[in-house]
Structures are given as C-alpha cells and as structure tokens.
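Descriptive structure summary
This is what each chain is made of:
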Amino acid sequence: MRVIIEPDYETASKWSANFVASRITSSGASESKLFVLGLPTGSSPLGMYKELIELYKAKKVSFKNVITFNMDEYINLPEDHPQSYHRFMWDNFFGHIDIPKENVNILNGNAPDLKAECTSYEEKIKKVGGIDLFVGGIGPDGHIAFNEPGSSLSSRTRVKTLTYDTIVANSRFFDGDVNKVPKRALTVGVKTVMDAEQVLIIVNGHNKARALRHAIEEGINHMWTISALQMHPQGIIVCDEEAAVELKVGTAKYFKDIESANLDPATLLKS
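Cut-offs applied
- Residues numbered from 1 in each chain as written.
- Predicted model: local features only at pLDDT ≥ 70, side-chain atom pairs only at ≥ 80, totals over all residues.
- Heavy atoms only, no water.
- Helix = DSSP H or I, 4+ residues; strand = E, 2+ residues; numbered from the N terminus.
- Rg over C-alpha atoms; globule rule 2.2 N^0.38 Å.
- Buried < 20%, exposed > 50% of the residue type's maximum accessible area, 1.4 Å probe, protein only.
- Contact = heavy atoms within 4.5 Å.
- Areas by Shrake-Rupley, 256 points an atom, 1.4 Å probe, with all protein chains shown as cover.
- Lys, Arg positive; Asp, Glu negative; His and termini not counted.
- Charge placed at Lys NZ, Arg CZ, Asp CG, Glu CD.
- Pairing = 2+ DSSP bridges.
- Axes fitted to C-alpha atoms, helices over the stretch in contact; angles between N-to-C directions.
- Parallel < 35°, antiparallel > 145°, perpendicular 65-115°, else oblique.
- Nonpolar A, V, L, I, M, F, W, Y, C, P; charged D, E, K, R; others polar.
- Core = buried A, V, L, I, M, F, W, Y, C linked by side-chain atoms within 4.5 Å.
- Salt bridge = Lys/Arg side-chain N within 4 Å of Asp/Glu carboxyl O.
- 1 Å grid on protein atoms, 1.4 Å probe; cavity = no way out; pocket = protein on both sides within 12 Å on 5 of 7 lines; lining within 4 Å.
- Points joined across faces, edges and corners; volume = space filled by probe spheres on them.

Along the backbone of the chain there are 8 helices and 10 strands. Computed over the C-alpha atoms, the radius of gyration of the chain is 18 Å, within 12% of the 18 Å expected from 2.2 N^0.38 for a compact globule of 271 residues. Across its three principal directions, the C-alpha atoms of the chain cover 50 × 40 × 35 Å. For the chain, the proportion of its 271 residues judged to be buried stands at 54%. Within the chain, contacts between residues at least 6 apart in sequence are counted, and of these 79% link residues at least 24 apart. Carbon and sulfur atoms provide 51% of the accessible area of the chain, an area that totals close to 12,400 Å². Positive and negative side-chain charges of the chain, numbering 30 and 34 respectively, have mean locations separated by a distance of 3 Å.

Here is the structure:
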C-alpha cells in the first residue's frame, strides 16, 4: 500500500487529480480500448474534480476515451433531485469535461427491478474488461461507497440499507432533516472496488483520522471496510495532515520517507 501524506486538502486533491490524469494519458486509451474509471461522490473528491476540470481546460487530459462507473446512488430519489448522485456528478464533473454521455454509468435507484439493476452493473463492468482505476473516499466509520461497518469484504453491487449514523451524516445535504434522507441505496461492493487494477482512496479531515489509522495500522476487519485495501496489490491512500494525526509518528515518517523518492504524477503531465 502507498500512503501519500500531503500538507492539506488542496494539495491532496491536486495530487489525486494529477494521478488520475496521468493514468488516463499514459494508458493509450482509444475508441476501441477505453480507460475504465470508477468514481465516488461526496465531499472528499470535490477538490479532485475541480482540479481535473482545470487539467482538461488546459488540454492536459481528455475524457473522450474514458468510460466511468460510479460507486452508488440513493433509491427512489429522482435523478434530477439536487442531492441525487446523478445530479452531483453532472453538476460537479461530467458537465465540465468532454466525456460522452453514453460512457457514463451510474446505478439507477429508480429501476423497477433493483436486484437486476445491480447484476447488470456488475456484468457491464466485466464486459468492458474490469475497472482500471477506482477512486473513492471514506466515511468517519471507514466505509467505502455504502459498504458500512459489517459489510462483507467479498460483497458485490447490491441494495444496502443505510445505518442511522450515515443518515444523520448525510442529513446536512437534506436541510438537516433525517426524515428526508433516503434509507436505502444501491452500492458497488467491497470486492467490486478491490477487483480494480488500481484503487486510489482520498482521506481528508480530522474526522477521518480514526478510520485512516484502522486502514493502515490495524488488521483487516469488516467493521472498517477500508481496511480491505491492505489486500490490494496496487492500493493508494492520499490524505492530508489532519487525517493523519492518529497515525504513529513512525508510521507517518516511514511513508513520507518512501514517497520522497517517488515521482510526483504532475511531472508526467508536463508538455
């Protein structure tokens, strides 16, 4: 596992965006061989999306030959609802880049058969050859996508009932009213994410510090689903100093020493 500790959220977001862009540009993606990118919603990736939009405007990266699969979506929330993940992605990212609309895949929380929707999603990922890079964030309890504590580490895309903690946390997007927050969602599974060739997890803020410690210093545990990243051969965590405060001093120094010798992905995008 690589752990990149940046001074602040802005720097971590830039590193993440440069890494994603460099992976796309170096992949040799074409119309016949699309780069397959898994994407998250929430506050964690917003800075990365803003940076990717700037890289696109600067002609450092194109998304014409990229196909995306989002992590999750609420059930029974209209796609045009201000808090739907469809709306989030088009408002904050897709609407500002050159990705073809037909290359965007987001779970349909209004599908007549939700189980079939989940099965179809997994099959489509398999049909395009699997995900090259899956980007994600985590919650304070260490969940990835909506794979909350207790989720199977071998789980696949499915219907998930949300915990009260998640509903309360997400109520800030629904006028602070927990009753407005959908109680169920469709989500990719832990195994769906871990099957990607590479996984990049963005962790920011003091409220994620405990989860980050469990992800890096504790054992693999289904109560902290992010800990599954320990089993991935190409797992990367990008975090800010605030999120790293609960790591042992020796742990933080170890990863900083290693990364000091590695190439910054921004250098790969210089013309």
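So much for the structure itself; the text now carries on.
What follows covers the sheet that holds strand β4 (residues 72-74). In spatial order, the strands read β4-β8-β7; together these 3 strands make up an open sheet with antiparallel pairing. What marks the edges here is a single partner per strand, and that holds for β4 and β7 (158-161). The average undirected angle you get between the axes of adjacent strands in this sheet is 30°. Pairing between β4 and strand β8 (residues 184-187): 3 bridges, direction antiparallel. Following the sheet pairing, Asp72 is matched in β8 by Thr187.

This part covers the side chain of Thr41. By secondary structure assignment, the location of Thr41 is in the loop between β2 (35-39) and α2 (46-57). Residues contacting Thr41, with those up to four places away along its chain left out, are Asn70, Asp72, Tyr85, Phe88 and Met89.

For sheets, the rule is that strands pair by backbone hydrogen bonds, running either parallel or antiparallel. The strand order β1-β10-β9-β6-β2-β3-β5 describes an open sheet built from 7 strands, whose pairing is parallel. Looking at which strands have only one partner, the edges of the open sheet turn out to be β1 (2-6) and β5 (104-105). Direction of pairing for β1 relative to strand β10 (residues 235-240): parallel, over a ladder of 5 bridges. When the bridges of β10 are listed, Ile4 appears paired with Val238.

Next up on the list: the packing of α2 against helix α3 (residues 85-92). Packing of α2 against α3 leaves a shortest axis separation of 10 Å and a crossing angle of 40°. Here α3 runs oblique to α2, going by the angle between their axes. Only Phe88, Met89 and Asn92 of α3 make contact with α2, whose side of the interface consists of Leu46, Tyr49 and Ile53. For the contact of α2 with α3, a count of residues per class yields 5 nonpolar, 1 polar and no charged.

One broad trend across soluble globular proteins is that nonpolar side chains are buried collectively. Ranked by internal contacts, the top residues of the largest apolar core, which has 42 residues, are Ile201, Val203, Leu212, Ile216, Ile237 and Cys239. Going through the elements one at a time, β1, β3 (66-70), α4 (114-127), α6 (190-194), β9 (198-203), α7 (209-217), β10 and α8 (249-259) are the ones with two or more residues in this core. If sequence neighbours within four positions are ignored, Ile201 has contacts with Gly136, Gly137, Ile138, Ile144, Ile226, Leu229, Ile236, Ile237 and Val238. Listed in part, the 34 residues of the second largest apolar core include Met48, Phe88, Leu133 and Ile202.

A few words on the pattern of salt bridges. As enumerated under the stated definition, the model contains 12 salt bridges in all. Among the salt bridges present, the one from Arg156 reaches Asp195, with a minimum N-O distance of 2.7 Å. One end of the pair, Arg156, is in the loop between β6 (133-137) and β7; the other, Asp195, is in the loop between α6 and β9, with 39 residues separating them in the sequence. Residue classification places Arg156 among the partly exposed residues on the basis of a relative accessible area of 34%. In this structure, Asp195 and Lys191 form a salt bridge, with 2.7 Å as the shortest nitrogen-oxygen distance. Within the structure, one salt-bridge network assembled from shared partners comprises Glu122, Arg156, Lys191 and Asp195.

Right, let's talk about the layout of surface pockets for a bit. There is about 710 Å³ of room inside the largest pocket. Along its surface, the largest pocket is lined by 36 residues, and Gly42, Ser43, Asn170, Arg172 and Phe173 are the ones closest to its centre. When contributions to the lining of the largest pocket are tallied by element, the ones reaching two or more residues are β4, α3 and α5 (164-170). Per-element tally for the lining of the largest pocket: the top contributor is α3, with 5 residues. When grouped by side-chain class, the residues that make up the lining of the largest pocket number 15 nonpolar, 14 polar and 7 charged.

Considering the arrangement of structural elements, one finds Asn103 in the loop between α3 and β5. With a relative accessible area of 10%, Asn103 lands in the buried category. Among residues more than four places away in sequence, those in contact with Asn103 are Leu34, Lys64, Val66, Ile67 and Thr68.

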